[in-house]
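Descriptive structure summary
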Amino acid sequence: MKIDLGCGKKMYEGFTRVDLYHGNYPDIVADISQPIPGLADGCAEHVICHHVLEHLPGIDQWRGVMMEIARLLQPKGTFEIRVPHPSCDDAMIHGHIHVLTPLFWMNMRDQNWLDSKLFIDNIEEVFHPQFLKDREVIGNPPEALYRYLRNVYFETCVTGHKP
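Just so we're clear, the structure is a prediction, and the values are computed from it rather than from any experiment.

Turning to unusual backbone geometry, a few remarks are in order. The backbone of K76 sits at a positive phi, close to 70°, despite the residue not being glycine. Position of K76 among the secondary structure elements: in strand β5 (residues 73-84). Although it is not a glycine, D115 adopts a positive phi angle of roughly 55°. Inspection of the secondary structure assignment puts D115 in the loop between α2 (102-110) and β6 (119-127).

Laid out in structure tokens, this is it:
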């Protein structure tokens, strides 16, 4: 099973969609920072959580989501989290409360905030998939446009696994 936590209106094929809001038409309506009803421990091979954590009020909720990912993943299961990159123009709009910088993720990893229940394997700055689609249409943009697009389409991608 693959699970999309905080799915919003996004639809990834093959994923069970979980969201707090009925209007997003998820498969399961639930608070993802709490144990999700109907999903057993170790039921998932892969969990994604894209552009959700920046909306949550603080460390208790972020940690709750990470612990729920740990609960849902089977051993050696993988996860991917994406949040706006701090350089992105959208980092503090659209209801975003926090900017989760690459340094935040490094601290989470290096200080073992996840109690060895999850391991962060990679923290990287990547283009949002929409940039890659738009780039197919416009080709290689000139440097000035590229810098603008970077500010619009850049995000932090955190990947890891359950031991």
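Next comes the rest of the write-up.
Okay, helix α1 (residues 59-72) next. In a regular helix each residue adds 1.5 Å, so 14 residues correspond to 20 Å; α1 covers 20 Å between its end C-alpha atoms and thus fits that length. Counting buried residues along α1, ten of its 14 residues qualify, which places the element largely inside the surrounding structure. Those residues of α1 that are buried lie in contact with β1 (2-5), β4 (44-50), β5 and α2.

Let's shift gears to the environment of F119. By secondary structure assignment, the location of F119 is in strand β6. Classification of F119 by relative accessible area gives partly exposed; the value is 34%. Other than its neighbours up to four places away in sequence, F119 contacts F79, T159, G160, H161 and P163.

What follows concerns the pattern of salt bridges. Counted under the stated rule, the structure contains six salt bridges. Residues R71 and E68 are paired through a salt bridge, measuring 2.7 Å at the closest nitrogen-oxygen approach. Highlighted residues: R71 and E68, both in helix α1, separated by three residues, approximately one helical turn. As far as burial versus exposure is concerned, R71 and E68 are alike and both buried. The partner of D110 in a salt bridge is R109, with the nearest N and O atoms 2.7 Å apart. When its relative accessible area of 55% is taken as the criterion, D110 is described as exposed. Here R109 falls in the partly exposed class, since its relative accessible area comes to 35%. Each of the salt bridges in this network shares a partner with another, and the network as a whole consists of D41, E68 and R71.

Along α2, the positions that sit buried rather than exposed are P102, F104, W105 and M108. The arc enclosing the buried residues of α2, seen along the axis, measures out at 160°, which places them on a common side. What points out from α2, more than 90 degrees from its buried face, is the exposed set L103 and D110. On the buried face of α2, the contacting elements are α1, β5, β6 and β7 (154-161). With its phi angle positive at about 55°, N112 sits one or two positions after the end of α2.

Calculation criteria
- Residues numbered from 1 in each chain as written.
- Predicted model: local features only at pLDDT ≥ 70, side-chain atom pairs only at ≥ 80, totals over all residues.
- Heavy atoms only, no water.
- Helix = DSSP H or I, 4+ residues; strand = E, 2+ residues; numbered from the N terminus.
- Expected span 1.5 Å × (residues − 1).
- Buried < 20%, exposed > 50% of the residue type's maximum accessible area, 1.4 Å probe, protein only.
- Contact = heavy atoms within 4.5 Å.
- Salt bridge = Lys/Arg side-chain N within 4 Å of Asp/Glu carboxyl O.
- Arc of directions from axis to C-beta.

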